[in-house]
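Listed below are the residues making up each chain.
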Amino acid sequence: MNPRIKEILSVKPYVIKALWTDDQIRVTDFGKFLAEYEGNRESLFGKLLQPETFARAKTDGRTILWENMTEMEDYDGSLIPAPLDFCPDVLFENSTLA
């Protein structure tokens, strides 16, 4: 298992620098990682690649997420807001040392 994201250090258009739980500082370039979705406003990832949306990145101590980007079905069948997040292992594999 790879380390998890401890803290976001900086968020620039499509690039996030983060401190990981193994004390490495790594950079993830979402513009490169999600390039195929650039300009596709119908796609959830395309919506993420809008500067005002991307700037709202957060961490929960494990991964990077954007609150209320999608919906999920609740136990009673109703749709509720849900975050868009990425598997931290995928982020680790798509990041480089700062």
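Since the structure is predicted, the reported quantities are computational estimates derived from the model, not experimental observations. (Residues numbered from 1 in each chain as written. Predicted model: local features only at pLDDT ≥ 70, side-chain atom pairs only at ≥ 80, totals over all residues. Heavy atoms only, no water.)

A look at the sheet that holds strand β7 (residues 95–97)
By definition, the strands of a sheet pair up through backbone hydrogen bonds, in either a parallel or an antiparallel sense. Here we have four strands laid out as an open sheet, ordered β1-β2-β3-β7, and antiparallel in their pairing. A single partner strand is all that each edge strand has here, and the edge strands are β1 (5–12) and β7. In this sheet, adjacent strand axes meet at a mean angle of 30° when their direction is disregarded. Pairing geometry for strand β2 (residues 15–20) and strand β3 (residues 25–29), over five bridges, is antiparallel. Within β3, the residue paired with K17 across the bridge is V27. (Pairing = 2+ DSSP bridges. Helix = DSSP H or I, 4+ residues; strand = E, 2+ residues; numbered from the N terminus. Axes fitted to C-alpha atoms, helices over the stretch in contact; angles between N-to-C directions.)

Some remarks on the side chain of R4
As for its placement among the helices and strands, R4 is situated in the segment before β1. Side chain to side chain, R4 and D89 meet in a polar contact 2.7 Å long. Dropping the residues within four chain positions of it, R4 is found in contact with L19, W20, T21, G61, R62, P88 and D89. (Polar contact = N/O pair within 3.5 Å; in protein donor to acceptor, adjacent residues only side chain to side chain. Contact = heavy atoms within 4.5 Å.)

Considerations on unusual backbone geometry
Leaving glycine out, the prevailing phi sign among residues is negative, and the prevailing peptide bond configuration is trans. Backbone geometry places D23, a non-glycine residue, at a positive phi of 70°. Within the secondary structure, D23 sits in the loop between β2 and β3. Assessed through its relative accessible area of 55%, D23 is described here as exposed. Of note, the phi angle at N68 is positive, near 55°, even though the residue is not glycine. (Buried < 20%, exposed > 50% of the residue type's maximum accessible area, 1.4 Å probe, protein only.)

Some remarks on the pattern of salt bridges
Inspection of the entire model under this criterion finds four salt bridges. Here K6 and D23 are joined by a salt bridge, their closest N and O atoms 3.2 Å apart. Linking K6 in strand β1 with D23 in the loop between β2 and β3, this pair joins segments that are 17 residues apart in sequence. What makes K6 partly exposed here is its relative accessible area of 41%. K58 serves as the salt-bridge partner of E67, at 3.1 Å between the closest nitrogen and oxygen. (Salt bridge = Lys/Arg side-chain N within 4 Å of Asp/Glu carboxyl O.)

As for the environment of A82
Within the secondary structure, A82 is located in strand β6 (residues 79–85). Each C-alpha atom, one on A82 and one on F54, is 16 Å from the other, the two residues being 28 residues apart in sequence. Not counting residues up to four positions away in its chain, the partners in contact with A82 are E67, N68, M69, T70, E71 and M72.

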